[in-house]
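As a plain string of letters, each chain reads:
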Amino acid sequence: MTMLWIKIFHLFAVIAWFAGIFYLPRLFVYHAMTEDEVGRERFKVMERKLLRGIMTPSAIVAIVLGTWLWLGYGFTGAWLYLKLGLVGVLLVYHGWCMKVVSDFRQDKNVHSHKFYRWMNELPVFLLLGILILVELKPFM
Ligand code: HEM
């Protein structure tokens with residue numbers, strides 16, 4: 001029973017994390033297209049609050065509770081290690097988002113809105129891959 005509660009909060013944190021993972025690069029798209037100073041300053045605030053207020057805390061909770069589930073259930077198997085690999089890629093993506101937020105804050109963005117549109121697609125595949133691995137556990 002307790003483990004099911006942990007799972008609920010694991011999923012809650014994962015969903016909150018992904019809200020940001022999907023939306024922050026969208027903000028980068030619009031930010032990269034913005035010409036005026038007032039608009040740029042507004043995006044800087046939105047990006048910082050989404051990253052620090054939602055994404056990073058949710059990522060930490062998702063990982064702590066995921067580790068709890070792992071040890072609590074005593075799961076092993078290739079599906080789990082593959083999932084952790086994809087979580088690792090997701091963390092690299094999160095780190096890249098932090099770098100971009102910092103570049104924009106210093107008005108040092110070098111990428112086009114098209115670049116950010118493409119980068120926005122990447123986590124879609126990561127999420128789909130992770131869902132397939134946890135639900136089907138295809139490689140025991
Ligand atoms: C260190 C990080 C993580 C670890 C160790 C971990 C581990 C686990 C474990 C052991 C379960 C229980 C599986 C089961 O009951 O069959 C679980 C459930 C789940 N995890 Fe994670 N997780 C982590 C991060 C994530 C992330 C980042 C995502 C999404 C992108 C995610 C998505 C899910 C989902 C969707 C379930 C639900 C499975 C079900 O419906 O029963 N996890 N996780």
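What you see is a predicted model; the values in this text were computed from it and never measured.

Colleague: Tell me about the nonpolar core, residues and numbers included.
Modeller: Ranked by size, the top nonpolar core spans 24 residues in total, and within it Trp17, Ile21, Leu24, Phe28, Met55, Trp96 and Tyr116 carry the most contacts. For this core, the secondary structure elements donating two or more residues are helix H1 (2-33), helix H2 (37-73), helix H3 (78-105) and helix H4 (113-119). Looking at this core, the element that brings in the most residues is H1, giving 8 residues. The contacts of Ile21, once residues within four sequence positions are left out, are Met55, Leu90, Tyr93, His94, Asn120 and Pro123.

Colleague: Could you give me a rundown of the packing of aromatic side chains, with the residues and numbers involved?
Modeller: Taken as a whole and judged by the stated rule, the model has 13 aromatic pairs. On the basis of an interplanar angle of 80 degrees and a centroid distance of 5.3 Å, the ring pair of Phe75 and Trp79 is categorised as edge-to-face. Using a relative accessible area of 4% as the deciding quantity, one classes Trp79 as buried. Pairwise contacts between aromatic rings join Phe28, Tyr93, Trp96, Phe104, Phe115 and Tyr116 into one cluster. The ring of Trp79 carries the charged tip of Lys137 above its face, separated from the ring centre by 4.6 Å.

Colleague: Could you give an account of the coordination of the iron atom of the ligand, naming the residues involved and the relevant values?
Modeller: Those donors, His10 (NE2) and Lys83 (NZ), are the protein atoms that reach the iron atom of the ligand, and they lie 1.8 to 2.1 Å from it. Given 6 donor atoms and angles of 85 to 175 degrees at the metal, the environment of the iron atom of the ligand is assigned as octahedral. Taken as a pair, His10 in helix H1 and Lys83 in helix H3 lie far apart in primary sequence, 73 residues in all. Residue classification places His10 among the buried residues on the basis of a relative accessible area of 10%. Relative accessible area serves as the criterion here: at 16%, Lys83 is assigned to the buried category.

How each quantity is defined
Residues numbered from 1 in each chain as written. Predicted model: local features only at pLDDT ≥ 70, side-chain atom pairs only at ≥ 80, totals over all residues. Heavy atoms only, no water. Core = buried A, V, L, I, M, F, W, Y, C linked by side-chain atoms within 4.5 Å. Buried < 20%, exposed > 50% of the residue type's maximum accessible area, 1.4 Å probe, protein only. Helix = DSSP H or I, 4+ residues; strand = E, 2+ residues; numbered from the N terminus. Contact = heavy atoms within 4.5 Å. Phe/Tyr/Trp six-rings, centres within 6.5 Å; stacked < 30°, edge-to-face > 60°. Lys NZ or Arg CZ within 6 Å of the ring centre and 35° of its normal. Donors = N, O, S within 2.8 Å, 3.2 Å for Na, K, Ca; no water. Tetrahedral: all angles 85-135°; square planar, octahedral: opposite > 155°, others 65-115°.

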